[in-house]
Amino acid sequence: MTNTYRWSCVSSEVAWSPRDGAQLVSFQDKLFLLGGWNQYAGVRDDLAGGGVGAFESEVCSEVWCSDDGSSWSLAATAPWSGRHMHGAVVHDGHIWVVGAENGIPDDVWKSKDGANWELIAATVPWQERGNQMVTVFDGSIWVMGGQVGAAGQTNFVADLKAGKPFPPAPPPLRDVWRTKDGLSWELVTDHAPWSPRGMITGANGGVPVLHNRMWILGGGYVGTGGTTLTSLRYDLEQQPRLKTRLFHNDVWSSEDGREWTCHLEDGKAPWPARSYHDTAAWDGKLWVLGGHRGIADHADEIATEGNRNDVWYSEDGEHWQQLPLTPWRQRHACAIHVHQDALFLAAGSAATISAEQVELSKHDFTHCVESVWCPGDVWRLDRATTAGKP
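What you see is a predicted model, and the numbers here were worked out from it, not measured in a lab. (Residues numbered from 1 in each chain as written. Predicted model: local features only at pLDDT ≥ 70, side-chain atom pairs only at ≥ 80, totals over all residues. Heavy atoms only, no water.)

## Section: the overall build of the protein
- Looking only at helices and strands, the protein features three helices and 27 strands.
- The proportion of buried residues among the 390 residues of the protein is 59%.
- Looking at the protein alone, contacts between residues at least 24 apart form 63% of all its contacts between residues at least 6 apart.
- Accessible area of the protein: about 15600 Å², with a carbon and sulfur share of 49%. (Helix = DSSP H or I, 4+ residues; strand = E, 2+ residues; numbered from the N terminus. Buried < 20%, exposed > 50% of the residue type's maximum accessible area, 1.4 Å probe, protein only. Contact = heavy atoms within 4.5 Å. Areas by Shrake-Rupley, 256 points an atom, 1.4 Å probe, with all protein chains shown as cover.)

## Side note on the packing of aromatic side chains
- What the rule picks out here adds up to 14 aromatic pairs.
- Geometrically, the ring pair formed by Tyr5 and Trp282 is tilted, given 5.5 Å between the ring centres and 55° between the ring planes. Of the two residues, Tyr5 is situated in strand 1 (residues 2-11) and Trp282 in strand 19 (residues 277-282); the sequence distance between them amounts to 277 residues. Just as Tyr5 is buried, Trp282 falls in that class too.
- Taken together through their ring pairs, the aromatic side chains of Tyr5, Trp282, Trp287 and Tyr313 make up a single cluster. (Phe/Tyr/Trp six-rings, centres within 6.5 Å; stacked < 30°, edge-to-face > 60°.)

## Here's the deal with the sheet that holds strand 2 (residues 23-27)
- Taken in spatial order, the four strands line up as 2-3-4-5 in an open sheet, and their pairing is antiparallel. Two strands lie at the open edges of the sheet, namely strand 2 and strand 5 (73-77), each paired on one side alone. Neighbour to neighbour, the strand axes of the sheet diverge by 25° on average, direction disregarded.
- In terms of strand pairing, strand 2 meets strand 3 (residues 30-37) through five bridges, oriented antiparallel. Along strand 3, the bridge assignment pairs Ser26 with Leu31. (Pairing = 2+ DSSP bridges. Axes fitted to C-alpha atoms, helices over the stretch in contact; angles between N-to-C directions.)

## Here we look at the environment of Gly114
- Inspection of the secondary structure puts Gly114 in the loop between strand 8 (108-111) and strand 9 (117-121).
- Gly114 sits in the buried class, given a relative accessible area of 0%.
- For Gly114, the contacting residues outside a window of four places in its chain are Phe32, Val63, Ala75, Ala76 and Ile95.

## Quick word on the confidence of the model for the protein
- Here the protein averages 86 in pLDDT, while 84% of its residues score no lower than 70.
- Counting contacts from residues 386-390, a segment whose pLDDT is below 50, to residues more than four positions away or on other chains yields three contacts. (pLDDT = per-residue confidence, 0-100.)

## Comments concerning the nonpolar core
- Trp7, Trp287, Leu289, Leu323, Leu343 and Leu381 are the most contacted members of the largest nonpolar core, which has 17 residues in total.
- Within the residue set of this core, elements represented by two or more residues are strand 1, strand 19, strand 20 (285-292), strand 21 (307-314), strand 24 (342-346) and strand 27 (378-386).
- Ignoring any residue separated from it by four or fewer positions in sequence, one finds Leu323 in contact with Tyr5, Trp7, Trp287, Val311, Tyr313 and Leu381. (Core = buried A, V, L, I, M, F, W, Y, C linked by side-chain atoms within 4.5 Å.)

## Observations regarding the side chain of Gln132
- With respect to the helices and strands, the residue Gln132 is situated in the loop between strand 9 and strand 10 (133-137).
- By relative accessible area, Gln132 is classed as buried at 4%.
- Apart from residues no more than four positions distant in its own chain, Gln132 is found in contact with Val98, Gly99, Ala100, Asp106, Trp126, Val143, Met144, Gly145 and Gly146.

## Here we look at the sheet that holds strand 9
- Ordered by their spatial adjacency, four strands build an open sheet running 6-7-8-9, and the pairing between neighbours is antiparallel. A strand with exactly one partner marks an edge of an open sheet, and here the two such strands are strand 6 (87-91) and strand 9. Within the sheet, the average angular offset between the axes of one strand and its neighbour, ignoring direction, is 25°.

## Things to note about the side chain of Asn307
- By the element assignment, Asn307 lies in strand 21.
- A distance of 2.6 Å separates a polar atom in the side chain of Asn307 from a polar atom in the side chain of His332.
- From its side chain, Asn307 meets the backbone oxygen of Ser349 in a polar contact 2.7 Å long.
- Apart from the residues lying within four places of it in its own chain, the contact partners of Asn307 are Gly291, His292, Gln330, Arg331, His332, Ser349, Ala350 and Ala351. (Polar contact = N/O pair within 3.5 Å; in protein donor to acceptor, adjacent residues only side chain to side chain.)

## Here we look at the pairing of strand 8
- Alternating positions in strand 8 separate into two faces, Val108 and Lys110 on one and Trp109 and Ser111 on the other, with burial throughout.
- Direction of pairing for strand 7 (residues 94-98) relative to strand 8: antiparallel, over a ladder of four bridges. Note that in strand 8 the partner of Trp96 across the bridge is Lys110.
- Across four bridges, the pairing between strand 8 and strand 9 is antiparallel. Counterpart to Trp109 in the pairing with strand 9 is Leu119.
- Counted between consecutive antiparallel strands, the loop separating strand 8 from strand 9 contains five residues, among which Gly114 sits at a positive phi close to 85°.

## Notes on the pattern of salt bridges
- Evaluation of the coordinates by the stated rule reveals 17 salt bridges.
- For Arg44, the salt bridge goes to Glu370, with nearest N and O atoms at 3.5 Å. A residue pair is termed long-range when its members are at least 10 positions apart, and Arg44 in the loop between strand 3 and helix 1 (45-48) and Glu370 in the loop between helix 3 (355-363) and strand 26 (372-373) qualify at 326 residues.
- When its relative accessible area of 31% is taken as the criterion, Arg44 is described as partly exposed.
- By relative accessible area, which is 33% here, Glu370 ends up partly exposed.
- A network of salt bridges, in which partner residues are shared, links Asp283, Lys285, Asp341 and Arg383. (Salt bridge = Lys/Arg side-chain N within 4 Å of Asp/Glu carboxyl O.)

## Some details on the pairing of strand 12 (residues 176-179)
- The alternating pattern of strand 12 places Val176 and Arg178 and Trp177 and Thr179 on opposite faces, both of which are buried.
- Where strand 11 (residues 140-144) lies against strand 12, four bridges are found, and the strand directions are antiparallel. Paired with Trp142 across the bridge in strand 12 is Arg178.
- Both strand 12 and strand 13 (residues 185-189) contribute to a ladder of four bridges, which runs antiparallel. For Thr179, the partnering residue across the bridge sits in strand 13 and is Trp185.
- Here strand 12 folds back onto strand 13, and the loop between the two strands holds five residues, one of which, Gly182, carries a positive phi near 80°.

Structural data, given as structure tokens:
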């Protein structure tokens, strides 16, 4: 008898509008989808895809809930500002939202039901940042790494056209912080051995916990003069600033947040380097799902989104297997969590670009590509036991 895994589509017609950078948690036997980003939501129905929602700008503070991932209802438009790639975890009987990516001050909120929210801290002692890594471990919420000073999705091309100078190199963030109450924070270390990174989300905030250790699986970083904008739309040689976009596929773990172990002899996992991917610990294994890669690795992918849908798992962070035949569309910045003893996946940037837009972006790196968002969907991964079958 052999244990394998099987994907099934829970819903291809969800109530919420397409989005990426939203976060998913399992709390009180329900799934909660929090926040997210869609640059066309509420503006261009032909580009934003199906669904409804109350996007007041490119980011939202919606909180949607579901018992099973199929039928969704809007629990609240939360009082915290709309956000993308924020931290969302369950800790001490509450859902917690920590920080964001999109240029707003880092704050901390919690809720006992997903509908009513309490501001715990309007500011935090750690430096303002985006794409930080978040987890719950050893009775605390942890924040580590992330990015400071990267030009955002909305202003990079405009600043180039206006001839604005780029800011100086951002400080590399390798700090690790922990808190039990969201208000009092302890600096565990300000110089972890892994290279600066972030752009990882997933179950338990994106830093899975397995074998009583926290695990960092890959990640991305933007160097001086770079941008979080998808780099694969432009010719690398014509736009050298995009070379500062870094993608990792190394594996690190720690039992205390201070001392870290780099796994694998050459420091690289067999799965391709990536950012904006999702990670999880489920069924006694570490999981890496989706994301996207950089043009520095795949020059033939110029003018594509470079999204991925490969799925990998490992029992020890060193020996990895790929789960074949992923049925869901390629995407990055999706939302993942363990619920009902299964791994749920929702939302994400599963956009498509027309041939005309592709050609325009190849010849003009300042062209604002109009990608079409695919409708939101929800998938679940279950164990599938087969006896005597291939």
